[in-house]
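Architecture and fold: a report
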Amino acid sequence: MSLTAADVAEIMRLVEQSGFDELTLEIDGIKLSLRRGAPAELSSGPGLHLPAVGLPETPGTAPAPAAAEPNVCNVASPLLGTFYRAPKPGEPPFVEVGAQVEEETVVAIIEVMKLMNSVRAGVRGTVTEILVADGALAEFGETLMRVRKAG
Amino acid sequence: MRIIRTCRRLQIETVLAASAVDRDSLPARLADRTVCIGPSRPADSYLKVDTIVHAALATKSEAIHPGYGFLSERAALAKVCEAEGVIFIGPTAAQLEAVGDKLRARAQAEAADVPVVPGSAVASAPQAVAAARLIGVPLLVKAVGGGGGRGMKRVDRLEDLPAAMELAAAEAGAAFGDARVYLERFIASGRHVEVQVLGDGSGGVIHLGERDCSVQRRYQKLVEETPAPGLSAALRDALHAAAVRITARLSYRGAGTVEFLVDRERDDFYFLEMNARIQVEHPVTEAVTGVDLIAEQIAIADGAGLRLAQADIQSRGCAIECRVNAEDPANDFRPSPGLVREVSWPSQEGIRVDTHIAPGSRVPPFYDSLLGKIIAHAPDRAGAVARLRRAIASTRLEGVHTNLAFHETVLSDREFEAGGVDTEFVARLLERQAGRTEYASNG
């Protein structure tokens, strides 16, 4: 699901007619903040919520740009759990710094009570940083890695 | 927040599991550590048993206190805790199942020789009509797995029963995933009186007196007080004894509340349900007894058993609590989420405030609208009411609508002042108010 300009206009109209001064809406990785008397703002969340810039084709998995460099995206943890870099203990990790990844490349596993959840890069590019130690607790929305966008 | 306070006093380290929207809340700042367990929607965060237990294990937490919302009465959480060796601060999974199912709870009450409202479990409309003839109208259709008024319908005429049953079952199915319903006689003028209990898990039980929670709007409590005004000593003792009997029968572990309906006309009482958690209104009991109920919960969960004997429980004075909600009484009490720009809570003598709201706090639309509780304690009821009214008058909350003015209306009402109102009091008060507004606009 994606939000079109017409949808945003419709939402703004509804807010305009309502008794509310402020609206924050989050659907499938898109975060929309509206404030009365201020310009509408369609943005990524503050480093969490798997936000999307430019409305990607796979909403909910695209990483946010890191604050420092516009071409570097954060890969955020989709849920709270234990972060694993490899499919099994002793096996080589999914990715190392410098690895080339596609949107669908599995870069890590988040384990919640023995249930393994794959984390995908969500963006095409090069892994520049891995921020969480193997086996450590990753919170929901925590930045796991950074990827420099290709192109 | 309330729990973190007690833990700090007891020098217990706390880890708060918070959703993304609660990450920077006041409780998150007070906890030793906060972990973000998921997005704002409760189904993706506060209701995820596995995620909560995983967070507890990963942070090396010894115990989980489930608070009073979300998972506090879910046997599933207690079960996973039992399997993973994390202490669940509450009853056993089996006890949660026994009291969570209203029909089983009723059967337990009957077995403990505690009176229940005449009623019956019903599976089909014809069976319901037959049962309803015996119970008599008006009656209530209630959800077996329910609470908080959802899945509950009043029926005044037998011919309306099949339709009401269908509606209640659909509502119950959607809200609780359990569409079973039962019928219960409707008591025309009843008071909601509940008894606070503590059980050691092996049959040892004490009670900490009762609370009157009759000031309700659509089954949502607004004002609670202890002791319940105007009860005869015999009735009060009978309530306490009944609560202790059912709790002991269950070999209940931890803090619980046994709810009763006191029939004003017959001066009699019936068991309604047992709440297997700490309740929102527990501070009034703490005010008059001086017992920190959270600390006792933790002690029981820690294996210390009951540290207090019945004789140690002495009740002093009267305490009244009002729930300050972000809702708009002028608009049918519609929830009023938003940004709290300014807030100033009262701090007079005899006043306690339990809140997670500070200037700049957001009231998200995802959870219930409770902003805080103001509790007044004084040697007598009139004194407690006066203190609470003064405290409400000095409370300032800007940015969201609140029910503070409505509380002032309740507390200054003659019927409330006299004490012992029934559960229809708020509805009558609102009708009177609406009538006055109409009169004023016509004249």
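Bear in mind the structure is a predicted one, so any value in this text is a computation, not a measurement.

It is worth spelling out the overall build of chain B at this point. Check the secondary structure of chain B and you find 15 helices and 22 strands. A compact globule built from 443 residues should have a C-alpha radius of gyration of about 22 Å, and chain B, at 22 Å, falls within 12% of that. For chain B, the C-alpha atoms occupy an extent of roughly 55 × 55 × 45 Å along the three principal directions. Relative to its 443 residues, chain B shows a buried fraction of 54%. As displayed, chain B has an accessible area near 19000 Å², and 49% of this comes from carbon and sulfur atoms. Between the centroid of the 52 positive side chains of chain B and the centroid of its 58 negative side chains there is a distance of 2 Å.

The next thing to look at is the packing of helix H7 (residues 125–135) of chain B against helix H8 (residues 161–176) of chain B. Residue and element names in this part refer to chain B. Between H7 and H8, the shortest axis-to-axis distance is 10 Å and the interhelical angle comes to 120°. One finds that H7 runs oblique with respect to H8. When you trace H7 past H8, the crossing you get is right-handed. For the pair formed by H7 and H8, the contact residues are Ala 125, Ala 128, Val 129 and Ala 132 on the first element and Leu 161, Pro 162 and Met 165 on the second. For the contact of H7 with H8, the class distribution of residues is seven nonpolar, no polar and no charged.

What follows covers the packing of aromatic side chains. Residue and element names in this part refer to chain B. All chains considered together, the criterion is met by seven aromatic pairs over all chains. Ring geometry for Phe 260 against Phe 269: centres 5.3 Å apart, planes inclined by 85°, an arrangement best described as edge-to-face. The residues Phe 260 and Phe 269 share a single accessibility class, namely buried. Ring plane angle 55° and centroid distance 5.9 Å describe the contact between Phe 366 and Tyr 367, whose orientation is recorded as tilted. Residue Phe 366 is classed as partly exposed on the basis of its relative accessible area of 39%. When the ring centre of Phe 416 is taken as reference, the NZ or CZ atom of Arg 381 above it lies at 4.7 Å.

This paragraph deals with the confidence of the model for chain A. Of all residues in chain A, 66% have pLDDT values of 70 or greater, and the mean over the chain is 77. Contacts of residues 38–62 of chain A to residues separated by more than four positions or lying in other chains number 49 contacts, the stretch itself having pLDDT below 50.

Residue and element names in this part refer to chain B. For Thr 402, the location among the structural elements is in the loop between strand S22 (396–398) and helix H13 (404–411). A distance of 3.3 Å separates a polar side-chain atom of Thr 402 from the backbone nitrogen of Leu 404. In this structure Thr 402 touches Val 324, Asn 325, Glu 327, Pro 329, Leu 371 and Leu 397, once residues within four positions along its chain are discounted.

Of all hydrophobic cores here, the largest spans 70 residues; its most connected members are A:Val107, B:Phe260 and B:Phe271. Apart from residues lying up to four places away in sequence, A:Val107 is in contact with A:Val75, A:Arg85, A:Phe94, A:Val95, A:Val101, A:Val119, A:Arg120, A:Ala121 and A:Met145. Grouped together as the second largest cluster of nonpolar side chains are 35 residues, B:Val223, B:Ile374, B:Val421 and B:Leu429 included.

How big an interface is tends to be expressed through the accessible area that disappears when the partners come together. Each partner contributes to the interface: chain A provides 13 residues, whereas chain B provides 21 residues. Of the roughly 1400 Å² buried between chain A and chain B, counting both surfaces, carbon and sulfur atoms make up 63%. Here chain A is connected to chain B by one salt bridge. With its nearest N and O atoms 2.7 Å apart, the salt bridge here joins A:Glu139 to B:Arg23. Where chain A meets chain B, there are six residue pairs in polar contact (both at pLDDT 80 or more). Broken down by secondary-structure element, the contributors of at least two residues to the side of chain A that touches chain B are strand S6 (81–84) and strand S8 (106–112) of chain A. When the residues that make up the side of chain A that touches chain B are grouped by side-chain class, the tally is six nonpolar, three polar and four charged.

Now for the sheet that holds strand S5 (residues 119–122) of chain B. Residue and element names in this part refer to chain B. Across the sheet, four strands lie side by side as S5-S8-S6-S7; this open sheet has antiparallel pairing. One side of each edge strand has no neighbouring strand; the edge strands of this open sheet are S5 and strand S7 (153–155). Sheet twist, expressed as the mean angle between neighbouring strand axes with direction ignored, is 25°. Sheet topology note: the strand S6 (residues 139–143)/S7 ladder contains three bridges and is antiparallel. Bridging across to S7, Val 141 finds its partner in Lys 153. Strands in contact with H7 are S5, S6 and strand S8 (181–185); relative to S5, the strand with the most contacts, it is inclined by about 180°.

Another point: the confidence of the model for chain B. Detailed conclusions should not be drawn from predicted coordinates in areas where pLDDT is low. Per-residue pLDDT for chain B has a mean of 93; in total, 98% of the residues score no lower than 70. As a predicted assembly, this complex carries a pTM of 0.80 together with an ipTM value of 0.77.

Here we come to H8(B). Residues and elements named next belong to chain B. Across its 16 residues, H8 extends 21 Å between first and last C-alpha, which sits within 8% of the 22 Å expected from 1.5 Å per residue. Buried residues of H8: Leu 161, Ala 164, Met 165, Ala 168, Ala 169 and Ala 172, and no others. Along the axis of H8, the buried positions cluster into a sector of 135°, meaning they face one direction only. Turned more than 90 degrees away from the buried face of H8, the exposed residues are Ala 163, Glu 166, Leu 167 and Ala 174. Looking at the buried positions of H8, the neighbouring elements they touch are S5, H7, S6, S7 and S8. Once H8 finishes, Gly 177 follows within two positions and takes phi at roughly 65°, a positive value.

Moving on to the sheet that holds strand S9 (residues 190–200) of chain B. Residues and elements named next belong to chain B. Pairing within the open sheet is antiparallel, and its eight strands lie in the order S13-S12-S9-S10-S11-S14-S21-S19. Where the open sheet ends on each side, the last strands, each with one partner, are strand S13 (268–275) and strand S19 (351–355). Across the sheet, the mean angle from the axis of one strand to that of its neighbour is 25°, orientation sign disregarded. Pairing geometry for S9 and strand S10 (residues 205–217), over six bridges, is antiparallel. Each residue of the ladder has a partner; that of Leu 198, found in S10, is Ile 206. Where helix H11 (residues 293–301) meets the sheet, its contacts fall on S9, S10 and strand S12 (253–263), and the angle it forms with S9 comes to roughly 40°. Sheet strands in contact with helix H12 (residues 381–393) are strand S11 (220–226), strand S14 (318–325), S19 and strand S21 (370–378), and its direction is about 140° off that of S21.

Calculation criteria
Residues numbered from 1 in each chain as written. Chains lettered and ligands numbered in written order. Predicted model: local features only at pLDDT ≥ 70, side-chain atom pairs only at ≥ 80, totals over all residues. Heavy atoms only, no water. Helix = DSSP H or I, 4+ residues; strand = E, 2+ residues; numbered from the N terminus. Rg over C-alpha atoms; globule rule 2.2 N^0.38 Å. Buried < 20%, exposed > 50% of the residue type's maximum accessible area, 1.4 Å probe, protein only. Areas by Shrake-Rupley, 256 points an atom, 1.4 Å probe, with all protein chains shown as cover. Lys, Arg positive; Asp, Glu negative; His and termini not counted. Charge placed at Lys NZ, Arg CZ, Asp CG, Glu CD. Axes fitted to C-alpha atoms, helices over the stretch in contact; angles between N-to-C directions. Parallel < 35°, antiparallel > 145°, perpendicular 65-115°, else oblique. Left-handed = near helix turned anticlockwise from the far one by under 90°. Contact = heavy atoms within 4.5 Å. Nonpolar A, V, L, I, M, F, W, Y, C, P; charged D, E, K, R; others polar. Phe/Tyr/Trp six-rings, centres within 6.5 Å; stacked < 30°, edge-to-face > 60°. Lys NZ or Arg CZ within 6 Å of the ring centre and 35° of its normal. pLDDT = per-residue confidence, 0-100. Polar contact = N/O pair within 3.5 Å; in protein donor to acceptor, adjacent residues only side chain to side chain. Core = buried A, V, L, I, M, F, W, Y, C linked by side-chain atoms within 4.5 Å. Buried area = accessible area lost by both parts, 1.4 Å probe. Salt bridge = Lys/Arg side-chain N within 4 Å of Asp/Glu carboxyl O. Pairing = 2+ DSSP bridges. Expected span 1.5 Å × (residues − 1). Arc of directions from axis to C-beta.

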